[in-house]
Amino acid sequence: MRISNPVAALTAAGARRAGFRLLVAAAIIYCLLWPMVMLVRGAFIGSPFASDTVWTTSGFRQVLSDPQLVSNIGASLLLSFGVTVGSLIGGTCFAVLATRFQTRLRGWITPMMVVAAATPGLFYAISWAMLANPNAGIVSRLFASVGLGSIGQWFNAMSWPGLIIVGSLKVTGFAYLFLVGPMSAADRSQEDAAVISGASRINAFFTITLPSLAPAYFAVGMLLIVAGIQAFDMPAVLGLPVGIKTLSLRVNDYLVGYAEPNWLAANAIAVLTMLFVAILVTIQIWVLHGKDHVTVAGKSQQGARLRPRRWGWVLDLAILAYALIAIVAPVAQFVIGSFQPFFGLYGAWTLDNYARLFSDPVGIGALQSTLVIAFVGASITVLAGFFMAYVITRAPGSGIGILARIGSWIPATAPGIVLSVALLFTYLSTPFVRELFGTHWLMMFALMVGAIPIAVRAAEGMIAQVSRELEDAAFICGANVLPTLIGILARLCAPSLIGAWLLISLWMAGTLDIPLLLQSTRSQTVATYAYSLVTQGEFSLAAAIFVSFLALLAACTLALILLYLLIRMLMNRPRLLAAEPLALSGEKLHAD
């Protein structure tokens, strides 16, 4: 193709880029920044449904004088720090096994950690509420069957130890995925030198290698602490029934725990929680910025993996135990529980739960809405996160780049229930958008906002590795911005984007706190519907809807994969047919 004026083409491309960035800026301001402004405003005016506006600080005074505030803060910090410490210990142990030892089951570690991290917290909490129930759970029944019923009573997920242990089992997956990279890249030369000088390998690891990874541990620890303070699903299922109330649960309590919602107090505590989390996120970004978090030598000094002979079976047993306890047991409890007529009635099998589910219009609507949200919402979120990551990477020092970076972190600073309140104020104050209140479309939009940080982080690193020369070449040839981004960058980033789509779709399906305030009797998600069943004691029916959703999600995903492969085969067929005459002529010439 002949290019008459490359300079003019690049100038036109620059104008198109500017227009694209302005569109992205407008979307970021409305979707990510404006809800936080409306939340702060709501802390002074009260209900978003009020017609008259009266500014007051009574909400802050009520919250700060609330005798439960100290206990709520203490509960959030205890849960957050307890789960963080437990998951860092577990993540470190499995990262060491994966990077330093050659065992039979070493290949299981990363896949099972991905599964543990991707499992929605609500699913996990409900399964453990059934599994480790001291009266009707499988664990207590197994101990009772061998005459050790008193020991079975110790296994109670609905308690402080149970809440921290269950949270640690799940978050260990996240901790491992963050730590395995620095652990595998760490330079072992100094550790080997200490061993040669007479120190034991264990002592050298704890005194040399682990201190060198301190920045990485601090950054990961801050991230997990922030996530623990924001947690809503697990405390709501495992903590609330026994009187454990975190800050997120206190926000919800102000809205649904009284005869009339106390919007002023709810908004005030939401603002205070958001500010506290924002400080922690700022510290985390400061620690992460410009640091490698690992000592890496120019020459590879990673060393060979150890082959334990006498105690290798112990390491394999530890891997197998985590797989059984953290993954297999909760899934098995869900499946078994879905076929029980009543939770705890083992030995009796029935399909009544599935019959009740598929005869209930609300349950069918929840399945349909969640499937639409999981597929459509996750796809739009990944696309929006890709565009934001492009602006952040290609224009890091510009106003739009800074705005996109700040906007991509805003949802991460707000717990889900806080974000739900902020979005509720925004939507009800926007013409036409307020008409969508109570529909699954508005819940999908809110979940998209909450998932933006995941999508941006997944695409940002990949886009930074792609040279800008590819885009400039496309612009010189006359291509527009969107075809260039989708046709070149998106295809190169496809593996990361597909992984982000799967993670976001599962997250949207299992998130409870964001859609909790946006639901209605005619529009619910699987998470809100299942949580309402759990509060009514319908654990078996809740298990049935989760099993049904996962089966439908797997079937729809498989159908999309087969459709993609079919379309790709049909598109490649003309090329194969065109290539056949050339191949035949080449064979004929060779024969001659």
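The numbers attached to residues start from 1 for each chain and follow its sequence in the written order. The predicted nature of this model means local features are confined to residues of pLDDT at least 70 and side-chain atom pairs, given and counted, to a pLDDT of 80 or more, with totals for whole chains, interfaces and linings taken over all residues. Excluding hydrogens and water, the side-chain values take into account all heavy atoms of the structure.

Draft legend 1. Representation of the overall build of the protein chain in the model. Per the secondary structure count, the protein chain includes 26 helices and zero strands. Evaluated residue by residue, the protein chain yields a buried proportion of 49% over its 592 residues. What makes two residues a contact is simply this: any of their non-hydrogen atoms within 4.5 Å. Restricting the contact set of the protein chain to residue pairs at least 6 apart, pairs at least 24 apart contribute 78%. All accessible-area figures derive from a Shrake-Rupley calculation using a 1.4 Å probe, and residue coverage is judged against the displayed protein chains alone. About 28100 Å² of surface is accessible on the protein chain, with carbon and sulfur atoms providing 70% of the total. By definition, any uninterrupted DSSP run of H or I lasting at least four residues is a helix, any uninterrupted run of E lasting at least two residues is a strand, and each is numbered from the N terminus. Only protein chains enter the accessibility calculation, which uses a 1.4 Å probe. A residue is then buried if its area is under 20% of the maximum for its type, exposed if over 50%, and partly exposed in between.

Draft legend 2. Just the nonpolar core, in detail. Only buried residues count toward a nonpolar core. Its members are Ala, Val, Leu, Ile, Met, Phe, Trp, Tyr and Cys residues joined through side-chain atoms within 4.5 Å. With 159 residues, the main nonpolar core has Phe94, Ile126, Leu238 and Phe386 as its most contacted residues. The element contributing the most residues to this core is helix H17 (residues 361-394), with 14 residues. What leucine 238 contacts, discounting residues up to four positions off in sequence, is Ala125, Ala129, Ala157, Met158, Ser159, Leu163 and Val166. Ranked by size, the runner-up nonpolar core spans six residues in total, among them Met222, Ile225, Val226 and Leu280.

Draft legend 3. Representation of the side chain of serine 420 in the model. Examined against the element boundaries, serine 420 turns out to sit in helix H19 (residues 416-428). Sequence-distant contacts of serine 420, that is, excluding residues within four places in its chain, are made with Asp513, Ile514, Leu517 and Leu518.

Draft legend 4. Examining the pattern of salt bridges more closely. Should a side-chain nitrogen of Lys or Arg be within 4 Å of a carboxyl oxygen of Asp or Glu, the pair is scored as a salt bridge. For the coordinates displayed, the defined rule picks out five salt bridges. We note a salt bridge from aspartate 253 to lysine 245, for which the minimum N-O separation is 3.0 Å. Here the salt bridges do not stand alone but share partners, grouping Asp66, Lys245, Arg250 and Asp253 into one network.

Draft legend 5. Structural context of helix H16 (residues 352-359). When H16 is considered as a whole, its buried residues turn out to be Asn353, Tyr354 and Leu357. All buried residues of H16 fall inside an arc of 95° around its axis, so they share one side. This arc corresponds to the set of directions leading from the helix axis out to the C-beta atoms.

Draft legend 6. Expanded view of a nonpolar patch on the surface. Note on patches: the residues involved have over 30% relative accessible area and no salt bridge, like charges join within 9 Å, and the nonpolar side chains Val, Leu, Ile, Met, Phe, Trp and Tyr join within 5 Å. On the surface, Trp108, Trp311, Trp313, Val314, Leu317, Leu320, Leu324, Ile325 and Val328 cluster together into a nonpolar patch covering about 890 Å² of accessible area. Considering the arrangement of structural elements, one finds leucine 317 in helix H15 (residues 312-338).

Draft legend 7. Region of interest: the packing of aromatic side chains. Here the aromatic set is Phe, Tyr and Trp, taking the six-membered ring for Trp, and pairing holds for ring centres within 6.5 Å; pairs whose planes are under 30 degrees apart are stacked, those over 60 apart are edge-to-face, and all others are tilted. Taken as a whole and assessed by the stated rule, the structure comprises ten aromatic pairs. Between the aromatic rings of phenylalanine 123 and phenylalanine 546, the centroid separation amounts to 3.8 Å while the plane-to-plane angle is 50°, which identifies the pairing as tilted. Taken together, the positions of phenylalanine 123 in helix H5 (residues 121-131) and phenylalanine 546 in helix H26 (residues 539-591) put the pair 423 residues apart, joining distant regions of the chain. By the burial criterion, phenylalanine 123 is buried, and phenylalanine 546 matches it.

Draft legend 8. The arrangement of helix H8 (residues 160-185) in detail. An expected span of 1.5 Å times one less than the residue number is assigned to each helix. Between its first and last C-alpha, H8 extends 36 Å over 26 residues, near the 38 Å set by a 1.5 Å rise per residue. Across the chain, bend at a residue is computed as the angle between axes fitted to the seven residues ending at that point and the seven starting from it. At valine 171, H8 shows its largest bend, some 35°. Of the residues flanking the start of H8, the one acting as N-cap is serine 159, its side-chain oxygen 3.2 Å from the backbone nitrogen of glycine 162. We define a polar contact as two N or O atoms separated by no more than 3.5 Å, with the added condition that, inside protein, one atom must be a possible hydrogen donor and the other a possible acceptor, whereas residues neighbouring each other in sequence contribute only through side-chain atom pairs.

Draft legend 9. Region of the structure containing unusual backbone geometry. Despite not being glycine, phenylalanine 432 has its phi angle at roughly 70°, a positive value. Inspection of the secondary structure puts phenylalanine 432 in the loop between H19 and helix H20 (440-464). Judged by relative accessible area, which is 73%, phenylalanine 432 ranks as exposed.

Draft legend 10. Representation of the confidence of the model for the protein chain. On a scale of 0 to 100, pLDDT captures the predictor's confidence in every residue. A residue-level look at the protein chain finds 86% of positions with pLDDT of 70 or above and a mean pLDDT of 81. The low-confidence segment residues 291-300 (pLDDT under 50) makes 18 contacts with residues lying over four places distant or belonging to another chain.

Draft legend 11. Expanded view of the packing of H5 against H8. Packing of H5 against H8 brings their axes to within 11 Å, and their N-to-C directions diverge by 140°. It follows that H5 is oblique to H8 by the angle criterion. In the packing of H5 onto H8, the handedness of the crossing is right-handed. Of the residues in H8, those in contact with Gly121, Tyr124 and Trp128 of H5 are Val166, Leu169 and Lys170. Helix axes are fitted to C-alpha atoms over the stretch in contact, other axes to C-alpha atoms as well, and angles between N-to-C directions run from 0 to 180 degrees. For this classification, under 35 degrees means roughly parallel, over 145 means roughly antiparallel, 65 to 115 means roughly perpendicular, and everything else is oblique. We call a crossing left-handed when the near helix sits turned anticlockwise from the far one by less than a right angle, and right-handed when that turn is clockwise.

Draft legend 12. Here's a closer look at the side chain of asparagine 353. Examined against the element boundaries, asparagine 353 turns out to sit in helix H16. From its side chain, asparagine 353 meets the backbone oxygen of glutamine 340 in a polar contact 2.7 Å long. For asparagine 353, the contacting residues outside a window of four places in its chain are Gly337, Ser338, Phe339, Gln340, Pro341, Ser540, Leu541 and Ala544.

Draft legend 13. Geometry of the environment of methionine 112. Assignment of secondary structure puts methionine 112 in helix H4 (residues 109-118). Looking at methionine 112, the relative accessible area reads 7%, which means it is buried. Spatially, the C-alpha atoms of methionine 112 and alanine 323 are 6.7 Å apart, while their sequence positions differ by 211 residues. With residues up to four places along the chain from it excluded, the contact list for methionine 112 reads Phe94, Ile319, Tyr322, Ala323 and Ile327.

Draft legend 14. Spatial organisation of the packing of helix H18 (residues 399-413) against H20. Where H18 contacts H20, the axes come no closer than 7 Å and their chain directions differ by 130°. In terms of orientation, H18 lies oblique with respect to H20. The hand of the H18/H20 crossing is left-handed. Every residue of H20 that contacts H18 at Arg405, Ser408, Trp409, Pro411 and Ala412 is listed here: Val449, Gly450, Ile452, Pro453, Val456, Arg457 and Glu460. For this classification, the nonpolar set comprises Ala, Val, Leu, Ile, Met, Phe, Trp, Tyr, Cys and Pro, the charged set comprises Asp, Glu, Lys and Arg, and every other residue, Gly included, is treated as polar. For the contact of H18 with H20, a count of residues per class yields seven nonpolar, two polar and three charged.

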